[in-house]
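Each chain is listed here by its residues.
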Amino acid sequence: MIRARRALVGLLLLAATACTTGPSLENQGEVTAPPGDSKELTIGSAGFTESDLLAQMYALLLERAGYAADLISVTNREIYEPALESGQIDVVPEYAATFADWLNAKANGADAAPVGSPDLAATMKALRKLAAPRGLTVLDPGRAVDQNAFAVAASYAKEHGLRTLSDLGRAKLPVRLAAGDECVERPYCAPGLEKTYGIDIVAVDPKGVGTTQAKQAVQNGQDQMVLTTTTDATLDQFGLVLLEDDKNLQNADYVVPVVNRARAGGAGVRDALGWLNTVLTTADLASMNEQVDSWRRLPEDVARTYLESKNLIPKS
């Protein structure tokens, strides 16, 4: 059985660790040591629904492989990443491009040129190069990806024959985009839509990324498109559909497990978590998110039911 989440004292310990200066990269002996295979592992979650679900699935798969799993939720990457380096956390679900850019900024400064891109192979190469000196191993990605995505009303898509973002660009329609304030200047958002697809963004309505308010604005016709994510499970409730990013504007934010090499870098952990890559899809993640957020099911119950349905763990 998966152990209960750690008490608040554990979170305070992690916070204290994050506030101190750790060893320099050159002095981290774990980097060249053989991969470890501790049988008692701590799985970290970033504290939002999808991360909780992934952490629960990791724990269940590791238990199936003979490991003891302890779950902890740490909502701040600035806290859980140093804890991952130090071995206080052994495994964390991450997103390839986002984590690559985060490590790059940590190593080379906030103004460093991004290394995450729509090219998954190039993104993974950059990510692994940045992770290795920190004693971290990035396992293989599967098919599941949580990227920025753009949705329109289903009726609007049908009226104008829209399936892809390229279709919207060719339609030459004026588009008010419901998104966050930063969309005005972020290359993946308004500027990218205009440059890559030729979409006429006439205004950015600052209602946030995938918020209820933003989706309602598209539903009622105030705006024509909303910035959300590929695993947004609530689009049907607002009569919205995603437009395919057919020219790959968005970065390759595929789900990847990141492990502490000295404690969980061996073949046992890699093989146990690798089974998830054989089944988990973006649609699966969206469905599980919906079960937790809309149906109010517990993440651990949803995760267990999913793995049982895929025959990755025995039915309880």
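Notes on the structure follow.

Working note: a packed helix pair is described by the angle between its axes plus the distance between those axes. At a minimum axis distance of 9 Å, the contact between helix α2 (residues 49–64) and helix α11 (residues 267–277) shows a crossing angle of 125°. Classified by the angle their axes make, α2 and α11 are oblique. Crossing of α2 against α11: the hand is right-handed. Every residue of α11 that contacts α2 at Met57, Tyr58, Leu61 and Leu62 is listed here: Val269, Ala272, Leu273 and Leu276. A class-by-class count of the residues in the contact of α2 with α11 yields eight nonpolar, no polar and no charged.

Bringing the sheet that holds strand β9 (residues 240–243) into the picture now. Taking strand neighbours across the sheet as the criterion, the five strands line up as β7-β6-β8-β5-β9 in an open arrangement whose pairing is mixed. Across the chains shown, the open sheet's two edge strands, defined by having one partner strand only, are β7 (200–206) and β9. This sheet shows a mean twist of 40° between the axes of neighbouring strands, independent of strand direction. In this structure, strand β6 (residues 174–179) lies alongside strand β8 (residues 225–229), joined through two bridges in parallel fashion. Bridged to Ala178 within β8 is Val226. Running over the sheet, helix α8 (residues 190–197) touches β5 (148–153), β6, β7 and β8 and is turned about 165° from β7. Along the sheet, helix α9 (residues 212–219) makes contact with β5, β6, β7, β8 and β9, crossing β8 at roughly 140°.

Along the polypeptide, Arg128 turns up in helix α5 (residues 120–131). Sequence separation between Arg128 and Val138 is 10 residues, and the spatial gap between their C-alpha atoms is 6.1 Å. If we ignore the near neighbours within four places in the chain, the residues touching Arg128 are Val138, Leu139 and Asp140.

Turning next to the packing of aromatic side chains. In this description, a pair of aromatic rings is defined by centroid distance and the angle of the planes. Under the definition given, this model contains two aromatic pairs. Between Phe48 and Tyr95, the aromatic rings sit 6.5 Å apart at their centres with planes inclined by 25°, giving stacked as the arrangement. You can see Phe48 sitting in the loop between β1 (40–45) and α2 and its partner Tyr95 sitting in strand β3 (residues 91–95), a full 47 residues away along the chain. The exposure class of Phe48 is partly exposed, given its relative accessible area of 37%. By relative accessible area, Tyr95 is classed as buried at 10%. Consider the rings of Phe99 and Trp102, whose centres lie 6.4 Å apart with planes at 10°: the pair is stacked. With Phe99 and Trp102 both in helix α4 (residues 96–108) and three residues apart, this pair spans about one turn of that helix. Directly above the aromatic system of Tyr67 lies the positively charged group of Lys39, at a separation of 4.4 Å from the ring centroid.

Another aspect to go through is the state of the cysteines. All chains considered together, the criterion is met by one disulfide. Bridging Cys183 to Cys189, the disulfide has an S-S length of 1.8 Å. A torsion of -85° about the S-S bond marks the disulfide between Cys183 and Cys189 as left-handed. Grouping residues by exposure puts Cys183 and Cys189 together as buried.

Within α9, the full set of buried residues consists of Ala214, Lys215, Ala217 and Val218. For α9, the buried positions fall inside an angular range of 155° around the axis, keeping them on one side. Here the buried face of α9 lies against β5, β6, β7, β8 and β9. Immediately beyond the C-terminal end of α9, within one or two residues, lies Gly221, with a positive phi of roughly 90°.

Proximity of charged atoms lets side chains of opposite charge pair with each other. Within this structure, the stated rule accounts for 14 salt bridges. Two residues, Glu94 and Arg77, come together in a salt bridge whose shortest N-O distance is 2.8 Å. Of this pair, Glu94 sits in strand β3 while Arg77 sits in helix α3 (residues 77–86); the two residues are 17 residues apart in sequence, bridging distant segments of the chain. The salt bridge partner of Glu81 is Lys106, with a shortest N-O separation of 2.4 Å. Residue Glu81 is located in helix α3, and its partner Lys106 is located in helix α4; the two are separated by 25 residues in the primary sequence. The exposure class assigned to Glu81 is buried, which follows from its relative accessible area of 0%. Put simply, Glu81, Glu85, Lys106 and Arg134 are held in one network by salt bridges that share partners.

On to the pairing of β8, then. Most of β8 is tucked away, with four of its five residues classed as buried. Relative to β8, β5 is paired through four bridges, and the arrangement is antiparallel. When the sheet's bridge partners are listed, Phe150 is paired in β8 with Leu227.

With that settled, the discussion passes to the packing of α4 against α5. Across the interface, α4 lies against α5 with an axial gap of 9 Å and an inter-helix angle of 40°. Viewed along their axes, α4 and α5 adopt a mutual orientation that is oblique. Pair α4 / α5 crosses with left-handed handedness. Of the residues in α5, those in contact with Ala96, Ala97, Phe99, Ala100, Leu103, Asn104, Ala107 and Asn108 of α4 are Thr123, Met124, Leu127, Leu130 and Ala131. For the contact of α4 with α5, the class distribution of residues is 10 nonpolar, three polar and no charged.

Calculation criteria
- Residues numbered from 1 in each chain as written.
- Predicted model: local features only at pLDDT ≥ 70, side-chain atom pairs only at ≥ 80, totals over all residues.
- Heavy atoms only, no water.
- Axes fitted to C-alpha atoms, helices over the stretch in contact; angles between N-to-C directions.
- Helix = DSSP H or I, 4+ residues; strand = E, 2+ residues; numbered from the N terminus.
- Parallel < 35°, antiparallel > 145°, perpendicular 65-115°, else oblique.
- Left-handed = near helix turned anticlockwise from the far one by under 90°.
- Contact = heavy atoms within 4.5 Å.
- Nonpolar A, V, L, I, M, F, W, Y, C, P; charged D, E, K, R; others polar.
- Pairing = 2+ DSSP bridges.
- Phe/Tyr/Trp six-rings, centres within 6.5 Å; stacked < 30°, edge-to-face > 60°.
- Buried < 20%, exposed > 50% of the residue type's maximum accessible area, 1.4 Å probe, protein only.
- Lys NZ or Arg CZ within 6 Å of the ring centre and 35° of its normal.
- Disulfide = S-S within 2.5 Å.
- Arc of directions from axis to C-beta.
- Salt bridge = Lys/Arg side-chain N within 4 Å of Asp/Glu carboxyl O.

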